[in-house]
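Inside the fold
Here is how the chains run, residue by residue.
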Amino acid sequence: MARVWLLAWAFIFAAHAHDIPNDVTVLLFFKPEGNLLRLAVRVPMRAMRDQQFPETKSGYLELENIEPLLRDSATVWLLDALQVEENDVRLLHPAIAEARVALQSDRSFSSWDTALVHLEGTPLGPETRVVWDQTYLDVLLHYPIQSDHSRFSIHPAVARLGVQVVTTLRFLAPGGTERALEFSGDPGNIRLDPSWRQAAARFIELGFQHILDGTDHLLFLFCLAIPFRKLSALVPIVTSFTVAHSITLLASAYGLGPTALWFPPLIETLIAASILYMALENIIGSSTVHRRWIIAFLFGLVHGFGFSFALKQTLQFAGTHLVTSLLAFNVGVELGQLLVLLLLIPLLEVLFRFVVAERMGTIVLSAFAAHTAWHWMLDRWDQLRRFRVEWPEFTPQLLSTGLHWALALVAIAGALWGISTIARKSERIL
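Below: a short report on this structure. Small disclaimer: the values here were computed from a predicted structure and weren't measured. (Residues numbered from 1 in each chain as written. Predicted model: local features only at pLDDT ≥ 70, side-chain atom pairs only at ≥ 80, totals over all residues. Heavy atoms only, no water.)

Concerning the overall build of the protein
Scanning the protein from terminus to terminus reveals 11 helices and 10 strands. A burial count over the protein gives 43% of its 430 residues as buried. Of the contacts formed within the protein by residues at least 6 apart in sequence, a portion of 78% connects residues at least 24 apart. Total accessible area on the protein is roughly 23200 Å²; 62% of this is exposed by carbon and sulfur atoms. (Helix = DSSP H or I, 4+ residues; strand = E, 2+ residues; numbered from the N terminus. Buried < 20%, exposed > 50% of the residue type's maximum accessible area, 1.4 Å probe, protein only. Contact = heavy atoms within 4.5 Å. Areas by Shrake-Rupley, 256 points an atom, 1.4 Å probe, with all protein chains shown as cover.)

Encoded structure:
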């Protein structure tokens, strides 16, 4: 009997509970001014789950006495989720200055000024007929701060509002500059005006994590390391790879890379092809250190575009330190590669000394890598074929970009020739 009652109560609760919305967009304005930080927030009311708002017999919201419930919803769903820090110190207990219902047709959050006028203006009258899940909850929060020139950060942990949550954040600095950020889910702690040290630390960590999470980059590194198991031989090869992908990563960040839809799948296909080539070269056994670092450099140019796709959304967190962040990212990648090599070299030494002969082991491991890369290449080629490749329209901007790349390629070719000549002379002397 008790089980029947439990099921009955569960059914009643499920009937009245609100479903988790699939797509939720959160709009935020972050404006420090004097000793007051104002945070304007707009979220869809349908994301305020398990909150029953009063309705008329016709199913419309009763707007006359709804403000206390709006403040309760803001307290439950927003105040703890929006974790704001001033100079790395958490700001607690913000005041809910305003809480309003807005129609879906309202466009006041297109700018800070119109949003503030809307929030401090007259709320919707009781005669307005609107259904609760076709409205917005608009909230104005006040935080006391020490100075509007402090360094602020925010952790918008609003991912629980829906299945897919996209947040648009606008930071209005005291000098009048405005930075717009857009991210999905929970981005962690975001420094709105990071110092170069803070930006560098964040991107070193990102680069380190990216190389460890990137299966194709790790497999490429594995193919580089199989024939050369001495750190003294591998460091220049890996460094050559890092320098090369730094060039194309910087170029992409400054808008010098192609923006066509077919370009990312082309790069992914070429990355798989680079792994296949390195594996086949290991099987043939024709590689030397001199040859390997040149090929690593050429393929590094391709992998740099792959890194740029991963950084496309993250670079918005660099603040005004774009170059510093990019270089820091590459430092993180290099550190991650060195860590992988420090673990990989002893394993290969043990494998080739006690398990299998060196030449046979090189062939078997490279064949495994080639088999994997071959299937990746076919899958990515299949994706690439779905895109229609169209030649870009000839414009002065296209000509300027082409000239920049031509000069860069000439400089790269000259540098490769010079370094290669010096390396060969050094080998003869030794």
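Moving on from the model shown.
Some words on the pairing of strand S7 (residues 152-156)
Among the 5 residues in S7, 5 count as buried, and that is most of the element. Because side chains alternate across S7, one face comprises the buried residues Phe152, Ile154 and Pro156, and the other comprises Ser153 and His155, equally buried. Bridging between strand S3 (residues 82-86) and S7 involves 5 bridges; their strand directions are antiparallel. Residue glutamate 86 lies in a different strand from S7, and its bridge partner there is phenylalanine 152. (Pairing = 2+ DSSP bridges.)

What about helix H5 (residues 215-225)?
Among the 11 residues of H5, 9 are classified as buried, and the element is accordingly described as predominantly covered. Residues of H5 that are buried include every one of Asp216, His217, Leu219, Phe220, Leu221, Phe222, Cys223, Leu224 and Ala225, and no others. Along its buried surface, H5 packs onto helix H4 (196-213), helix H6 (231-253), helix H7 (263-284), helix H8 (289-311), helix H9 (322-354) and helix H10 (358-384).

Notes on the nonpolar core
Note on soluble globular proteins: their nonpolar side chains tend to be buried together. Val26, Phe30, Leu39, Leu61, Leu82, Leu161 and Leu192 are the most contacted members of the largest nonpolar core, which has 47 residues in total. The element that contributes the greatest number of residues to this core is helix H2 (residues 67-79), accounting for 5 residues. The next biggest cluster of nonpolar side chains, apart from the first, holds 34 residues, and it includes Phe220, Phe222, Ala296 and Ala373. (Core = buried A, V, L, I, M, F, W, Y, C linked by side-chain atoms within 4.5 Å.)

Quick word on a negative patch on the surface
On the surface, a cluster of negative charge is contributed by Glu55, Glu62, Glu64 and Asp133. Mapped onto the elements of the fold, glutamate 62 is located in the loop between strand S2 (36-44) and H2. Glutamate 62 sits in the partly exposed class, given a relative accessible area of 38%. (Patch = residues over 30% accessible without salt bridge, like charges linked within 9 Å, V, L, I, M, F, W, Y side chains within 5 Å. Salt bridge = Lys/Arg side-chain N within 4 Å of Asp/Glu carboxyl O. Lys, Arg positive; Asp, Glu negative; His and termini not counted. Charge placed at Lys NZ, Arg CZ, Asp CG, Glu CD.)

Considering the packing of H4 against H5
At their nearest, the axes of H4 and H5 sit 5 Å apart, and the two run at 75° to each other. The angle between H4 and H5 places the two elements in the roughly perpendicular class. Facing H4, whose interface residues are His210, Ile211, Leu212 and Asp213, H5 presents Thr215, His217 and Leu218. Of the residues in the contact of H4 with H5, the class split is 3 nonpolar, 3 polar and 1 charged. (Axes fitted to C-alpha atoms, helices over the stretch in contact; angles between N-to-C directions. Parallel < 35°, antiparallel > 145°, perpendicular 65-115°, else oblique. Nonpolar A, V, L, I, M, F, W, Y, C, P; charged D, E, K, R; others polar.)

Thoughts on the layout of surface pockets
Of the volumes computed, that of the second largest pocket is approximately 410 Å³. In terms of lining residues, the second largest pocket is bounded by 19 residues, among which Ser252, Pro258, Ser308, Phe309 and Lys312 are the most central. Elements with a contribution of two residues or more to the lining of the second largest pocket: H6, H7 and H8. Looking at the lining of the second largest pocket, the element that brings in the most residues is H8, giving 4 residues. Looking at side-chain class alone, the lining of the second largest pocket contains 12 nonpolar, 6 polar and 1 charged residues. (1 Å grid on protein atoms, 1.4 Å probe; cavity = no way out; pocket = protein on both sides within 12 Å on 5 of 7 lines; lining within 4 Å. Points joined across faces, edges and corners; volume = space filled by probe spheres on them.)

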